[in-house]
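Reading the structure
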Amino acid sequence: MQQSDLLVARILREIHELGQIGGHADGSVTRLAYTEADTEARMWLVSRMEEAGLRTEVDAVGNVFGWPPNSSTDPPILLGSHVDTVPGGGTYDGTLGVVSALQIVRSLADRESRVPPVGVVSFACEEGSRFGMSSIGSRAITGQLVSGDLERLKDRDGITLRQALQSAGLSPNEVHKLPRAPGWFRAYLEGHIDQGPELEETGCPVGVVKAIAGVSRYLLTFHGAQAHAGAARMGQRRDAMAAAAEAILIIEHEATSAAEDVVATVGVAEAVPGIINVLPAEVRLGLEVRTLPTAGAVNFDSRVRERIQDRTAHRQITVQWDTLSASEPARISDVVRKTLLAACTESGVPAREIVSWPSHDALFLATQGPSGMILVRNRGKVSHHRDESVRPGDLQILLEVLQRALHHLMTPS
C-alpha cells in the first residue's frame, strides 16, 4: 500500500472513531456543544495531538490547538475546522477538516527537523444548534463574542452559555481574554465536506470557496389576543398565528425575489398556549437569513421587517424582533483562493469555484487574516445527516491539494 493510501486509511479510521462518540445505531451522530459527548470528543482530540508529539492548548471557550513543539514564534498557518455536530448529524461535517489537518501536521513532523509554524485547530461550538449562535469559538478568539452573550444565550432547557462552559470544565470568566489582534496567524485553511449536491452533480472532486454567506438569526414574537376558537368571530380576532403565517409568506416572497443572493428560513414556530381550540396569544418564529456580499442582498432584513410590520398592524398584532446573532458575508482572501486553485492545477485536479451558503469558522477568521476553504464532494449530496459521505480517492486529493497549498504559503515570497 502506498504512503498516501495509508494516510487516507488512518484519517478514515480516526473519523470513524470520533463518530462513535455521540454515535447512534442508525449511523448518525449527536455531539451538541459543551455536552458530555462534545467534551469526550475534545479530550479524544487532545490525546491524538499529544500522541503526535504536539503541544496542546484548550482555551477558555473550548477551542483546541495543537502546536509542533519545535515550531518558530512567527505567526502560524492554521489548519482545521470543528468536531461538534447538530442533533442526528453526520460523521464528516467539521470532523473531516480537523482529522485531515492533524494528519498533515503529523506528516510535517515526520519529515522536518524543524517544523514550520503550522498548527491544528478545532473551534468550539461551530454549530448553532444549541444556543442559536454559530461559531462561538471562532467568534470569541476574533473578538466577536461579547461578554453579555454568556448570559444572553440559552439552550432549550434554559441553560446559559456561561453555565454550559462551566459544566464542560472550561473557564467562562477568562473568555474576555481570548480576542487576538489581527495578523496573529499567517493564513487559515479549512477543509470541509460539501454540504450540498453541487460538486457531486458537476463531477468535481473539490471546490475552492470564493465567498461565504453571512448569517443573521432572529426571534420574531407576535402578540395577539387569546380567545376561545368557537366564540371568537372571524372578523373580530387578533390572531397571532395568522399574522405569523402571513409573515412567513412575506419572508419567502422577498427571498425568492432577491436574485439568488439571499436564502431565508423559518425553522421554528411556537404557539402559546399551543392548544387546538384556542387562538394563541403569542407566536414565536425563529428566522435565519443568509446573504452574499452582492446587490440583491442589500437591506433585505429591513425590507422584510417593514412589510411584516405593515401587515401585522392591519391585524392589530404587534411584533417584536430580537436579534440572536449576526455575521457579515465574507469574501475569501485572493491570496489563499489563488493558492488553492494553483495547488489543484499542479495536482491535475479539476476544481470549481463555489459559494458556501453554509457558515464556517473561516467566515470569522477572514476578519483577521487571509483565510480560505476547500470543499470535498459529498456522494450523499446532503450534510447534517447520516448519509454524508466522502470517497477515499477524493480525500486523497484533498490531502494533496492542502499539502501543496501549505508548501506555497510557507515558502517566502
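Look up: the structure comes first, before these words.
A brief structural summary.

Cut-off values and rules
- Residues numbered from 1 in each chain as written.
- Predicted model: local features only at pLDDT ≥ 70, side-chain atom pairs only at ≥ 80, totals over all residues.
- Heavy atoms only, no water.
- Salt bridge = Lys/Arg side-chain N within 4 Å of Asp/Glu carboxyl O.
- Helix = DSSP H or I, 4+ residues; strand = E, 2+ residues; numbered from the N terminus.
- Buried < 20%, exposed > 50% of the residue type's maximum accessible area, 1.4 Å probe, protein only.
- Pairing = 2+ DSSP bridges.
- Axes fitted to C-alpha atoms, helices over the stretch in contact; angles between N-to-C directions.
- Contact = heavy atoms within 4.5 Å.
- 1 Å grid on protein atoms, 1.4 Å probe; cavity = no way out; pocket = protein on both sides within 12 Å on 5 of 7 lines; lining within 4 Å.
- Points joined across faces, edges and corners; volume = space filled by probe spheres on them.
- Nonpolar A, V, L, I, M, F, W, Y, C, P; charged D, E, K, R; others polar.
- Phe/Tyr/Trp six-rings, centres within 6.5 Å; stacked < 30°, edge-to-face > 60°.
- Lys NZ or Arg CZ within 6 Å of the ring centre and 35° of its normal.

**Brief notes about the pattern of salt bridges**
- Enumeration according to the criterion identifies 29 salt bridges in this entry.
- The salt bridge involving Arg386 is made with Asp26; its shortest N-O contact spans 3.4 Å. You can see Arg386 sitting in the loop between β15 (371–376) and α12 (392–410) and its partner Asp26 sitting in the loop between α1 (3–20) and α2 (36–51), a full 360 residues away along the chain.
- Assessed through its relative accessible area of 43%, Arg386 is described here as partly exposed.
- The shortest N-O distance in the salt bridge between Glu270 and Arg284 comes to 3.5 Å. Note that Glu270 is positioned in strand β9 (residues 262–272) and Arg284 in strand β11 (residues 282–291), a separation of 14 residues in sequence.
- The class of Arg284 is partly exposed, set by a relative accessible area of 26%.
- One salt-bridge network, held together by shared partners, links Arg156, Glu270, Glu282 and Arg284.

**A short note on the sheet that holds β11**
- The antiparallel open sheet is built from four strands, whose spatial order is β9-β11-β7-β12. The open sheet has two free edges, formed respectively by β9 and β12 (318–326), since each of these has just one partner strand. Taking each pair of neighbouring strands and ignoring which way they run, the sheet shows an average axis angle of 20 degrees.
- Bridge count for β9 against β11 is ten bridges, and the pairing is antiparallel. Within β11, the position partnered with Ala264 by the bridge is Val289.
- Set on the sheet, helix α8 (residues 240–256) makes contact with β7 (214–223), β9 and β11; between it and β11 the angle comes to about 10 degrees.

**Here we look at empty space enclosed by the protein**
- Inspection of the entire model under this criterion finds two cavities of 30 Å³ or more.
- Estimates place the volume of the largest cavity at around 80 Å³.
- Contributing to the lining of the largest cavity are Asp38, Arg42, Leu45, Gly62, Val64, Val83, Asp84, Ser122, Phe123, Ala124 and Cys125.
- Tallied by class, the residues present in the lining of the largest cavity amount to six nonpolar, two polar and three charged.
- Its boundaries defined by the atoms lining it, the second largest cavity holds a volume of some 30 Å³.
- Together, Tyr218, Leu287, Val289, Phe300, Asp301, Val304 and Trp321 line the second largest cavity.
- Taken together, the elements giving at least two residues each to the lining of the second largest cavity come down to β11 and α9 (300–314).
- In terms of residue count, the dominant contributor to the lining of the second largest cavity is α9 (three residues).
- Class assignment for the residues of the lining of the second largest cavity results in six nonpolar, no polar and one charged.

**Side note on the packing of aromatic side chains**
- For the structure on display, the rule yields four aromatic pairs.
- Here the aromatic rings of Tyr218 and Trp321 are separated by 5.8 Å at their centres, their planes lie at 75 degrees, and the arrangement is edge-to-face. Separated by 103 residues along the polypeptide, Tyr218 in strand β7 and Trp321 in strand β12 bring together distant segments of the chain.
- The ring of Phe65 carries the charged tip of Arg180 above its face, separated from the ring centre by 5.3 Å.
- The ring of Trp184 has Arg180 lying over it, and the distance from NZ or CZ to the ring centre is 4.5 Å.

**Brief notes about the layout of surface pockets**
- Of the pockets and cavities examined, the largest pocket occupies roughly 1100 Å³.
- Surrounding the largest pocket, 36 residues form its lining, Gly128, Ser129, Gly132, Val268 and Leu324 being those nearest its centre.
- Breaking the lining of the largest pocket down by element, the ones donating at least two residues are β7, β9 and β11.
- With five residues, β11 is the single largest residue contributor to the lining of the largest pocket.
- For the lining of the largest pocket, a count of residues per class yields nine nonpolar, 14 polar and 13 charged.
- Each pocket or cavity is described by its volume, and for the second largest pocket that value is around 200 Å³.
- Taken together, 13 residues form the lining of the second largest pocket, with Asp194, Gly196, Glu198, Val355 and Pro358 sitting closest to its centre.
- Tallying contributions element by element places strand β14 (residues 351–356) first for the lining of the second largest pocket, with three residues.
- Classifying every residue of the lining of the second largest pocket by side-chain character gives seven nonpolar, four polar and two charged.

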